[in-house]
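# Chains, contacts and geometry: an overview
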Amino acid sequence: MEFLKDLGLKKIMPGISTGTDWITHKNGNTSTICSPVDGQVIAHVQKAAAEDYDHIIQTAQKAFSLWRSLPAPQRGNIIRIIGDGFRSHKGKLGSLVTYETGKPIQEGLGEVQELIDICDFSAGQSRMLYGMTTVSERPSHRLFEQYHPLGIIGIITAFNFPLAVWGWNAMIGAVCGDVSIWKPSSRTPVSAIAAQKIVAKVLQQNNLPEGIFSLLIGDRDLIGERLLNDRRVPLISFTGSVAAGRHAATTVAARLGRSILELGGNNAIIITEHADLSLAIPAVVFGAVGTAGQRCTTTRRLIIHDSLFATVKKQLVRAYKSIQIGNPLSATSHMGPLIDRNAVQSYLLALAAIENQGGTLVFGGKVLEGAPYDASCCYVQPTLAEVQNHFPIVQEETFAPILYLIRYKGDVNQALALQNQVRQGLSSAIFTTDYRQAEIFLSAAGSDCGIANINIGTSGAEIGGAFGGEKETGGGRESGSDAWKAYMRRQTVTGNYGSSLPLAQGIRFDIS
Ligand code: UN1
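Residues numbered from 1 in each chain as written. Predicted model: local features only at pLDDT ≥ 70, side-chain atom pairs only at ≥ 80, totals over all residues. Heavy atoms only, no water.

### Comments concerning the sheet that holds strand β1 (residues 12-14)
Two orientations exist for strands paired in a sheet by backbone hydrogen bonds: parallel and antiparallel. Strand order in the open sheet formed by three strands is β1-β4-β3, with mixed pairing between adjacent strands. At either end of the open sheet lies a strand with only one pairing partner, and these are β1 and β3 (30-34). With direction set aside, neighbouring strand axes in the sheet form an average angle of 30 degrees. Note: β3 against strand β4 (residues 41-46), five bridges, orientation antiparallel. Counted as the bridge partner of Cys 34 is Val 41 from β4. (Pairing = 2+ DSSP bridges. Helix = DSSP H or I, 4+ residues; strand = E, 2+ residues; numbered from the N terminus. Axes fitted to C-alpha atoms, helices over the stretch in contact; angles between N-to-C directions.)

So this is what it looks like as structure tokens:
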């Protein structure tokens, strides 16, 4: 694979970096990373040991004392240059993301674009770290707020977006004056190494010290746990499953640290009797099949009005038959493999559960065998199943391309009740051309999710909005809007420029 060489990647690589330097171990543990596309080894990555962890933290602490004092727009300028680095490597990085995760090349390129976009956004944000000024109740007093850098942020990311989610956190954090330590998913460390190499070049060319962007590839028990428990890391941004996120959140909370959580979704699209199906069907298919059903925002449940149920089912089956499954590096593939065999196993377990719980398979349900699929054994058919919302399997997030078809009768409130009857609350969408239905969906009694879309699917959010969800999704917000505030410490300032000392609330405290 030419792009691996072009990105400066080798067969054996260290997975520990201070941002400018790489730390190598002669006898360290390595992990072998194979592509789910063809089962070939991409690289052997050397993992961090306990002593690396302390070194990385100390280097980051040192860097923070310098980085936080650089004017924010100057920090933003560095992020702009890093963004240009990603821009000029977009094609190669996109191919790597595709080869390492199995997502189609269009989506690999889209992910790198998301990374570039967040760099551009962060560069602009660096001039807008606004504090508010308000009025004091006391004469000759001034009351305002300011935002200061927080410190080291620990970024723990998942395999499905091996670059973009790191970018949301690291780039916004960096313009806020924070330094970051990234622990990528152990399934996709090569994309992380490639990104780190681009960052390193920019840091070196701009004479910046080590420790601003660190990378720690290592085991969850060794590296992940240390980050979660470390008081020197005031903020942990965690992306992953609800179970792992619950552990992360409670561990960080026990030391009264901060966390930003982006956990599971169980996203639904409602198709009302007023839906324009020429929009709805392609949106549903992209939402359910994109990234082989492995996005947090993947459409998992389709809540269809009784009057359209048969039509929608028929059109979906027709669309699913046309899905090209194959090597995701080929421009004609709509869907590549799942990330690994464990993921295939969860797909199969979910299918068995659907049947046991009374559901009906409508389309798909098979692991693909024979050439060219055998090399990795991770290719599966996208699947449609008719179910009821309360089935235990439907209440869970299975990270696979299984779309549940659920029928509703009555008005849009019935559909909303079903939509909200899950523990997760990330993304939601409605397809309707009826203004009243759309507004009910958006009202206080409507969708309870962090993302609510009208005539757009559940996945593929732009970076400009705040990204995240409610309930078991964890409540965190990342990326655009005012998500930057979570990466800073907020300070309320009251100044007295008078010559007396009036107390707030009119309290009198006279001493002679
Ligand atoms: C994720 O799956 O963790 O909205 C992130 C989307 C992408 C990000 C998904 N922009 O689908």
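### Some words on the site of the ligand
The immediate surroundings of the ligand are formed by Glu 114, Asn 160, Phe 161, Trp 168, Glu 262, Arg 295, Cys 296, Thr 297, Ser 459, Gly 460, Ala 461 and Phe 467. Between an oxygen atom of the ligand and a side-chain N or O atom of Thr 297, the distance comes to 2.6 Å. With respect to the ligand, the backbone of Ala 461 contributes an N or O atom lying 2.7 Å from an oxygen atom. Isolated, the ligand exposes 320 Å² of accessible area, and the fraction of that covered by the protein chains is 100%. Mapping the ligand onto the cavity grids shows that it belongs to the second largest pocket. Residues of the shell around the ligand, tallied by class, amount to five nonpolar, four polar and three charged. There are two domains that each give the shell around the ligand at least three residues, and those are domain 1 (2-263 + 474-491) and domain 2 (267-467). (Near = heavy atom within 4 Å. Polar contact = N/O pair within 3.5 Å; in protein donor to acceptor, adjacent residues only side chain to side chain. Areas by Shrake-Rupley, 256 points an atom, 1.4 Å probe, with all protein chains shown as cover. 1 Å grid on protein atoms, 1.4 Å probe; cavity = no way out; pocket = protein on both sides within 12 Å on 5 of 7 lines; lining within 4 Å. Sits in = over half its atoms within 2 Å of the grid points. Nonpolar A, V, L, I, M, F, W, Y, C, P; charged D, E, K, R; others polar. Domains from an automatic or database assignment.)

### Description of the domain arrangement of the protein
Taken domain by domain, the protein consists of domain 1 (2-263 + 474-491) and domain 2 (267-467). Measuring from the centre of the C-alpha atoms in domain 1 to the corresponding centre in domain 2 gives 30 Å. Between domain 1 and domain 2, the contact holds 33 residues from the first and 32 residues from the second. For the pair domain 1 and domain 2, the summed buried surface comes to about 2,500 Å²; carbon and sulfur atoms form 64% of the total. Three residues stand out in domain 1 for area buried against domain 2, namely Pro 36, Val 37 and Glu 107, and they jointly supply 20% of the buried area on that side. Inspection of the region where domain 1 meets domain 2 yields two salt bridges. (Contact = heavy atoms within 4.5 Å. Buried area = accessible area lost by both parts, 1.4 Å probe. Salt bridge = Lys/Arg side-chain N within 4 Å of Asp/Glu carboxyl O.)

### A closer look at the packing of aromatic side chains
Scanning all chains against the criterion turns up eight aromatic pairs. Centre to centre, the rings of Tyr 320 and Phe 363 are 5.9 Å apart; their planes meet at 85 degrees, and the pair counts as edge-to-face. Separated by 43 residues along the polypeptide, Tyr 320 in helix α11 (residues 309-321) and Phe 363 in strand β14 (residues 360-363) bring together distant segments of the chain. With respect to burial, Tyr 320 and Phe 363 carry one shared label: buried. (Phe/Tyr/Trp six-rings, centres within 6.5 Å; stacked < 30°, edge-to-face > 60°. Buried < 20%, exposed > 50% of the residue type's maximum accessible area, 1.4 Å probe, protein only.)

### Structural notes on unusual backbone geometry
Following Ala 371, the chain continues into Pro 372 via a peptide bond in cis, with omega recorded as 0 degrees. At Ser 140, a position not held by glycine, the phi torsion is positive, near 55 degrees. On the secondary structure map, Ser 140 appears in the loop between β5 (133-134) and β6 (141-149). For Asn 455, which is not glycine, the phi torsion reads 55 degrees and is therefore positive. Inspection of the secondary structure puts Asn 455 in the loop between β19 (451-454) and β20 (466-467). Classification of Asn 455 by relative accessible area gives partly exposed; the value is 27%.

### Points about the sheet that holds strand β18 (residues 427-431)
Strand order in the open sheet formed by seven strands is β14-β15-β16-β13-β12-β18-β19, and the pairing between neighbours is mixed. Two strands in the sheet have a free side with no partner beyond their single neighbour: β14 and β19. Between one strand axis and the next, the sheet turns through 25 degrees on average, direction left out of account. Bridge analysis of strand β12 (residues 267-271) against strand β13 (residues 299-305) gives five bridges, and the strand direction is parallel. By the bridge assignment, Ala 268 is partnered in β13 with Arg 301. Sitting on the sheet, helix α15 (residues 435-442) touches β12, β18 and β19, and the angle it makes with β19 is about 175 degrees.

### What to know about the packing of helix α10 (residues 277-289) against α11
Between α10 and α11, the shortest axis-to-axis distance is 10 Å and the interhelical angle comes to 55 degrees. Classified by the angle their axes make, α10 and α11 are oblique. In terms of crossing hand, the pair formed by α10 and α11 is right-handed. In this structure, α10 uses Leu 277, Ile 281, Val 284, Val 285, Ala 288 and Val 289 to contact α11, whose residues at the interface are Thr 311, Val 312, Gln 315, Leu 316, Ala 319 and Tyr 320. Looking at the contact of α10 with α11 residue by residue, the class counts come to ten nonpolar, two polar and no charged. (Parallel < 35°, antiparallel > 145°, perpendicular 65-115°, else oblique. Left-handed = near helix turned anticlockwise from the far one by under 90°.)

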